[in-house]
2 protein chains.
Amino acid sequence: MKPWNKVAIVGVGLIGGSIGLALLRRNLAREVAGIGRDASKLESARQLGAISRGTTDLKAGVSDASLVIICTPVAQIAADVGRVAESCSSDCLITDAGSTKAQIVEQVAQLAKSPAWRGDIRFVGSHPLAGSEKRGAAHASPNLFVDRTVILTPAADTSAKDVESLRQFWSSVGARVVEMTPEEHDAILATTSHVPHVVASAMAAATPADVLQYTAGGWQDTTRIAGGDPELWQQILLSNRTNVLSALDGVGKRLEQLRQAIDADCPNELRDLLAEAQQVRNALGS
Amino acid sequence: MKPWNKVAIVGVGLIGGSIGLALLRRNLAREVAGIGRDASKLESARQLGAISRGTTDLKAGVSDASLVIICTPVAQIAADVGRVAESCSSDCLITDAGSTKAQIVEQVAQLAKSPAWRGDIRFVGSHPLAGSEKRGAAHASPNLFVDRTVILTPAADTSAKDVESLRQFWSSVGARVVEMTPEEHDAILATTSHVPHVVASAMAAATPADVLQYTAGGWQDTTRIAGGDPELWQQILLSNRTNVLSALDGVGKRLEQLRQAIDADCPNELRDLLAEAQQVRNALGS
């Protein structure tokens, strides 16, 4: 792939920093501009090699970039797309890395209807299924996306050329790329990512502080993601509210079946329920 | 510590095999006899260095052992203690590695009331908080217990000398040893281990097979223990039924609070609930 002349990353945290590191280490971009609110954090990211230069001035940062990736919290992404669209150069392609897609794609579609939106600016949603409960460019890795899935959520009016550009972009940092609608994305991610966060949180919060010393690998694995940032996660959960509620119901029903088998002291029924779960889990590998 | 002349392990799987490996590699026992039902598995364990010799004959295996460790499934432990008590040499100390304690300790106390029980045989319950969703001596490790907690659950008539022997035994394989009553143990472990298993199972089972390809680290961590053996886990859950149901209620209440905050679209309340969970989780480290 021909290297990008300039890529701009808005929000240089774990995801944004990892994209920058991957682009620069693999010589996929001549320049990576990092845009953020905190100059000292941008300077740290620059020293880590995650960006070529940092700026708190969005207009300066996105100037001349042919690709802009918005890596800010979910509730802020559409507004950031709007700000980028006002400032960026002609023929700019904008994507994001948000954990939900339908609301963002819809909000951007609304923005694009305004008379101020220039016809040469395009947005296509992306979601790299990679991350961690950790935050910040200090935890970034150039290999964060290697062998991970990135979901692209083109809209009805998205051009095949833009989808292909983003497919090449994410492939170039090591990811497998799939496409689906924003609605399909949100329904799936409610089950595979958002509800696990809710359940892990419930379990962590239900554990009294004085018994934490008696936890072992099981509790630790099961609750690990509850260490994630509460503000980021409330945004994700509320921007995918309906799907999350429905997926929570599914887990709740299963939990109730297990509870009933325990309450009724039924070894065979309980074993069968546990065996079904084991089969699903083992289909994936550790 | 003076090495044990002979230690017998009944049930040479992940836990029993790891005890044997630790004892032999650290020269803590001159001989480790492994007792099981499957001669070929015992031979494999011997080749791995987990036991000095294997036998399917319980009487021969425990003969001359001054310490016998029962590492069989929870529902079988008390009966195995009874069988060992009939066959072992004089002055034998018996312990186990079961994940629940109250039922086992009570069942053994009943056995010890029978006229056939010899007065020189003592049982003290142990539970090493170490393990894995994997099974079998092939996954055993001599370091499985290093820096892990082992809980001893002495009964009212347990001698201080026997507690001290077991404390030294588990310390010698690297563990931190604490003591509590069987009832305290079971109440705590319901929260820290048994309910996480139920919740992980519910989440795995509620995930349709066709979306497994879109899971990432979060789902994988949260459901890992659901890969555990269904038969072993139904025994654990049912032998700690009352505590498990009560701990499940605690998680259920918390889950309902989270669900309501999502349903009511309350960002502040949701963030606060997630933040409480984050605080508990972060108190432990990753």
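Refer to the preceding data block for the structure.
Here goes a summary of the coordinates provided.

About the thresholds
- Numbering of residues starts from 1 in each chain and follows the order in which that chain's sequence is written.
- Whichever chain is written first is A, and whichever ligand is written first is 1; the rest continue in order.
- Given that this is a predicted model, residues contribute local features only at a pLDDT of at least 70 and side-chain atom pairs are listed and counted only at 80 or more, while totals for whole chains, interfaces and linings are drawn from all residues.
- The basis for every side-chain value is the complete set of non-hydrogen atoms in the structure, without hydrogens or water.
- Each helix is a run of DSSP H or I of at least 4 residues and each strand a run of E of at least 2, with the numbering of both proceeding from the N terminus.
- Each radius of gyration reported is based on C-alpha atoms, and the globular scaling rule is 2.2 Å times the count of residues to the power 0.38.
- Exposure classes here rest on a 1.4 Å probe applied to the protein chains alone. A residue is buried below 20% of its type maximum, exposed above 50%, and partly exposed in between.
- The contact rule is simple, with two residues in contact once any of their heavy atoms fall within 4.5 Å.
- Each accessible area is a Shrake-Rupley result for a 1.4 Å probe, and residues are judged covered by the shown protein chains and nothing else.
- Stacked, tilted and edge-to-face are the three classes assigned to paired rings of Phe, Tyr and Trp, where Trp is represented by its six-membered ring and a pair needs centres within 6.5 Å; plane angles under 30 degrees give stacked, over 60 edge-to-face, the rest tilted.
- We place the copies in one frame by least squares, fitting the C-alpha atoms of every residue whose pLDDT is at least 70 in both.
- Bend is computed residue by residue as the angle between axes fitted to the seven residues ending at the residue and the seven residues starting at it.
- By salt bridge we mean one thing: a side-chain nitrogen of Lys or Arg within 4 Å of a carboxyl oxygen of Asp or Glu.
- The disulfide definition used here is simple: a pair of cysteine sulfur atoms within 2.5 Å.
- Paired strands are those between which DSSP finds at least two bridges.
- Think of each axis as a best-fit line through the C-alpha atoms, taken over the contacting stretch in the case of a helix, with angles from 0 to 180 degrees between the N-to-C directions.
- If the strands point away from the viewer and the path from the first strand over the helix to the second runs clockwise, then the crossover is right-handed.

**Overview of the overall build of chain A**
In step 1: Secondary structure summary: chain A contains 11 helices and nine strands in total.
In step 2: Compactness check: chain A gives a C-alpha radius of gyration of 21 Å against a globular reference of 19 Å for 286 residues, within 12% of the reference.
In step 3: When the backbone C-alpha atoms are referred to their principal axes, chain A occupies close to 70 × 40 × 30 Å.
In step 4: Considering chain A as a whole, with its 286 residues, one finds that 55% of them fall into the buried category.
In step 5: Pairs at least 24 residues apart make up 74% of the contacts formed inside chain A by residues separated by at least 6 positions.
In step 6: A total accessible area of about 11,600 Å² is found for chain A, and carbon and sulfur atoms account for 48% of it.

**Remarks on the packing of aromatic side chains**
Residue and element names in this part refer to chain A.
In step 1: In the structure shown here, the tally under the stated rule is six aromatic pairs over all chains.
In step 2: Aromatic side chains phenylalanine 145 and tryptophan 170 sit 5.6 Å apart centroid to centroid with 70° between the ring planes, which places their arrangement in the edge-to-face category. With phenylalanine 145 in the loop between β7 (125-128) and β8 (149-153) and tryptophan 170 in helix α6 (residues 160-172), this residue pair connects regions lying 25 residues apart in the sequence. Taken individually, phenylalanine 145 and tryptophan 170 each receive the classification buried, so the pair is uniform in this respect.
In step 3: Here the aromatic cluster, defined as three or more aromatic residues joined through ring pairs, consists of Trp4, Phe145, Phe169 and Trp170.

**Describing the relation of the copies chain B and chain A**
In step 1: If you rotate chain B by 180° and push it 0.0 Å along the axis, it lands on chain A with an RMSD of 0.0 Å. Put plainly, the chains are arranged around a two-fold axis. Relative to the rotation axis, the C-alpha of threonine 222 of chain B is the closest in chain B, positioned 1.9 Å from it.

**What about helix α7 (residues 182-205) of chain B?**
In step 1: Within α7 of chain B, the axis deviates most sharply at alanine 190 of chain B, by approximately 55°.
In step 2: Counted residue by residue, α7 of chain B has 20 buried out of 24 residues, so it is predominantly covered.

**A few points about the pattern of salt bridges**
Residues and elements named next belong to chain B.
In step 1: Per the counting criterion, the structure on display carries 31 salt bridges over all chains.
In step 2: Between aspartate 229 and arginine 135 there is a salt bridge whose closest N-O contact spans 3.0 Å. On the criterion of sequence distance, the pair formed by aspartate 229 in the loop between α8 (217-223) and α9 (230-239) and arginine 135 in the loop between β7 (125-128) and β8 (149-153) is long-range, its members being 94 residues apart.
In step 3: With a closest N to O distance of 3.0 Å, glutamate 179 and arginine 167 form a salt bridge. Linking glutamate 179 in strand β9 (residues 176-179) with arginine 167 in helix α6 (residues 160-172), this pair joins segments that are 12 residues apart in sequence.
In step 4: Overall, glutamate 179 belongs to the partly exposed group, its relative accessible area being 40%.
In step 5: Taking relative accessible area as the criterion, arginine 167 reaches 26% and is therefore assigned partly exposed.

**So, the state of the cysteines**
In step 1: Under the defined criterion, the tally for this structure stands at zero disulfides over all chains.
In step 2: The cysteine cysteine 71 of chain B is free of any disulfide, with cysteine 92 of chain B supplying the nearest cysteine sulfur at 14 Å.

**Focus: the sheet that holds strand β3 (residues 53-55) of chain B**
Residues and elements named next belong to chain B.
In step 1: One open sheet holds the six strands; their spatial order is β3-β2-β1-β4-β5-β6, and the pairing between them is parallel. The sheet terminates laterally at β3 and β6 (122-123), the two strands that pair on one side only.
In step 2: Direction of pairing for strand β5 (residues 93-96) relative to β6: parallel, over a ladder of two bridges. Paired with leucine 93 across the strands is arginine 122, a residue of β6.
In step 3: Relative to β5, α6 is tilted by about 55°, and along the sheet it contacts β1 (4-10), β4 (67-70), β5 and β6.

**Topic: the sheet that holds β8 of chain B**
Residue and element names in this part refer to chain B.
In step 1: Taken in spatial order, the three strands make up an open sheet running β7-β8-β9, and their pairing is mixed. Edge strands, defined here as strands with exactly one partner in the open sheet, are β7 and β9. Neighbour to neighbour, the strand axes of the sheet diverge by 25° on average, direction disregarded.
In step 2: Relative to β9, β8 runs parallel, the two sharing four bridges. Opposite leucine 152, over in β9, you have glutamate 179 as the bridge partner.

**Description of the pairing of strand β2 (residues 29-35) of chain B**
Residues and elements named next belong to chain B.
In step 1: Among the seven residues in β2, five count as buried, and that is most of the element.
In step 2: In the sheet, β1 pairs with β2 via six bridges, with the strands oriented parallel. Pairing of isoleucine 9 across the sheet is with glycine 34, part of β2.
In step 3: Regarding the hand of the β-α-β motif, the stretch spanning β1, helix α1 (residues 14-25) and β2 is right-handed.
In step 4: Looking at chain direction, β2 and β3 are connected through three bridges and run parallel. Paired with alanine 33 across the bridge in β3 is arginine 53.

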